[in-house]
Amino acid sequence: MLHSLVPPAPNTPCQPALWKYADVHPYLMQSGQLITAEEAVRRVLILENPGLRGQSAITQSLYAGLQVILPGEVAPSHRHTQSALRFVVEGHGAYTAVDGERTPMKPGDFIITPSWTWHDHGHAGRVEADAPVVWLDGLDIPMLRFFDAGFAESGGAASQTVTRAEGLSYQRYGANMLPVRYDAPFGQTSPIFSYPYERTREALHALETRADIDAWDGAKLRYVNPATGGSPMPTMATFMQRLPAGFEGKPYRQTDGAVFSVVEGSGSVTITRNEQVQTFEFGPRDHFVIPSWHTAQLRSAQGCVLFSFSDRPVHQALGIHREERLS
Ligand code: GTQ
């Protein structure tokens, strides 16, 4: 047994995979006809890794899905110990409420649902916003299953009572300042629960045009909990990167398998493990996964913006994170 117990390198069953939005979109719209958000509680198409069938997992530790909400719908209030991130893929007019505060969901926004906080999602259904809203859900579901630490409760009312003004947490915690008596309202999770794309985009654009570009990552930033400098959630790290037009990235590999959502532009990723080589061409709203210790190489003729998340903070907390930047 020894070689399989302590393999020379990670030997994950997780496979590289790509979900083209054009293929997924008709199923999302069909799901909207088959069941309401209220009945489903969460109406989501799970992005299941082909190497992890039946596990609702995109990597060994992470879950990903595309959630859809139609104008006028509510995905009712509940809470669970699993942490969630939302990355808005398309549409306007929806909101997420966390712990009494609502935040609008706009394409490219990164939104957090901290562990054990009440949350519901809704769509105002205004005429000018009369279209479905779709977002990527990233949760640590398989990780909490592994630890047998998952609890959940459903709320009484469909929508929780709003107790704070919209955007208040961003003003309180998101201006590079913190309250003098900082109270860590969500424990180890960031007190900012929406990181608007507007600001991320502006920062990356400036870095692309005015700074040196990293040969592996392009211009890549990680989202932070402003109170700790660490990841926004204890179990998941999130990133946004911009590859300039003509970018030919150098290959790298890391122990944290990562899930990507393409925000703007197009490009390709070549993923290699032993003799297996796969290249995925991607465009806006496509999703792909790079498994642990697979070598990845990013390219973009036109330039692109990529959101990604992984379980890196757990690897780092356990002292087992490894990364190799190859030439
Ligand atoms: O929005 O709370 O995709 O509880 C899976 C489980 C979303 C959510 C998912 C969930 C949620």
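Caption draft 1: Looking closely at empty space enclosed by the protein. One pass over the structure, following the stated rule, counts one cavity of 30 Å³ or more. Taken as a whole, the largest cavity spans an internal volume of roughly 50 Å³. Tyr252, Arg253, Gln254, Asp256, Gly257, Ala258, Phe260, Ile290, Pro291, His294 and Ala296 are the residues that line the largest cavity. Ranked by residues supplied to the lining of the largest cavity, first place goes to strand E16 (residues 252-254) with three residues. For the lining of the largest cavity, a count of residues per class yields six nonpolar, three polar and two charged.

Caption draft 2: Representation of the site of the ligand in the model. Taken together, the residues surrounding the ligand are Arg42, Val44, Tyr63, Gln67, His78, His80, Arg86, His119, His121, Asp137 and Leu139. Between Gln67 and the ligand, the recorded distance is 3.5 Å, taken from a side-chain N or O atom to an oxygen atom. Contacts to the ligand include Arg86, whose side-chain N or O atom sits 2.8 Å from an oxygen atom. About the coverage of the ligand: the protein hides 89% of its 290 Å² of free accessible area. Sorting the residues of the shell around the ligand by element identifies strand E3 (63-69), strand E4 (74-80), strand E9 (119-123) and strand E10 (133-139) as the ones contributing at least two each. For the shell around the ligand, the per-class residue count stands at three nonpolar, five polar and three charged.

Caption draft 3: How the structure looks around the packing of aromatic side chains. Tallied over the entire structure, the rule returns 10 aromatic pairs. Between Phe110 and Tyr195 the ring centres are 5.1 Å apart and the planes differ by 25°, which places this aromatic pair in the stacked class. One end of the pair, Phe110, is in strand E8 (residues 110-113); the other, Tyr195, is in strand E12 (residues 194-195), with 85 residues separating them in the sequence. Considered together, Phe110 and Tyr195 belong to a single accessibility category, that of buried residues. Between the aromatic rings of Phe260 and Phe288, the centroid separation amounts to 4.7 Å while the plane-to-plane angle is 5°, which identifies the pairing as stacked. You can see Phe260 sitting in strand E17 (residues 258-265) and its partner Phe288 sitting in strand E20 (residues 287-290), a full 28 residues away along the chain. This pair shows no difference in class: Phe260 is buried, exactly as Phe288 is.

Caption draft 4: Region of interest: helix H2 (residues 21-34). Compared with an ideal rise of 1.5 Å per residue, which puts 14 residues at 20 Å, H2 spans 20 Å between its outermost C-alpha atoms and is within 8% of the ideal. Taken together, the buried positions of H2 are occupied by Tyr21, Val24, Leu28, Ser31 and Gly32. For H2, the buried positions fall inside an angular range of 100° around the axis, keeping them on one side. Of the residues in H2, the exposed ones pointing more than 90 degrees away from the buried face are Ala22, Asp23, Tyr27, Gln33 and Leu34. Looking at the buried residues of H2, the elements they touch are strand E1 (17-19), strand E2 (44-46), E3, strand E5 (84-90) and E10.

Conventions and cut-offs
- Residues numbered from 1 in each chain as written.
- Predicted model: local features only at pLDDT ≥ 70, side-chain atom pairs only at ≥ 80, totals over all residues.
- Heavy atoms only, no water.
- 1 Å grid on protein atoms, 1.4 Å probe; cavity = no way out; pocket = protein on both sides within 12 Å on 5 of 7 lines; lining within 4 Å.
- Points joined across faces, edges and corners; volume = space filled by probe spheres on them.
- Helix = DSSP H or I, 4+ residues; strand = E, 2+ residues; numbered from the N terminus.
- Nonpolar A, V, L, I, M, F, W, Y, C, P; charged D, E, K, R; others polar.
- Near = heavy atom within 4 Å.
- Polar contact = N/O pair within 3.5 Å; in protein donor to acceptor, adjacent residues only side chain to side chain.
- Areas by Shrake-Rupley, 256 points an atom, 1.4 Å probe, with all protein chains shown as cover.
- Phe/Tyr/Trp six-rings, centres within 6.5 Å; stacked < 30°, edge-to-face > 60°.
- Buried < 20%, exposed > 50% of the residue type's maximum accessible area, 1.4 Å probe, protein only.
- Expected span 1.5 Å × (residues − 1).
- Arc of directions from axis to C-beta.
- Contact = heavy atoms within 4.5 Å.

These values are about where atoms sit, not about what they do.
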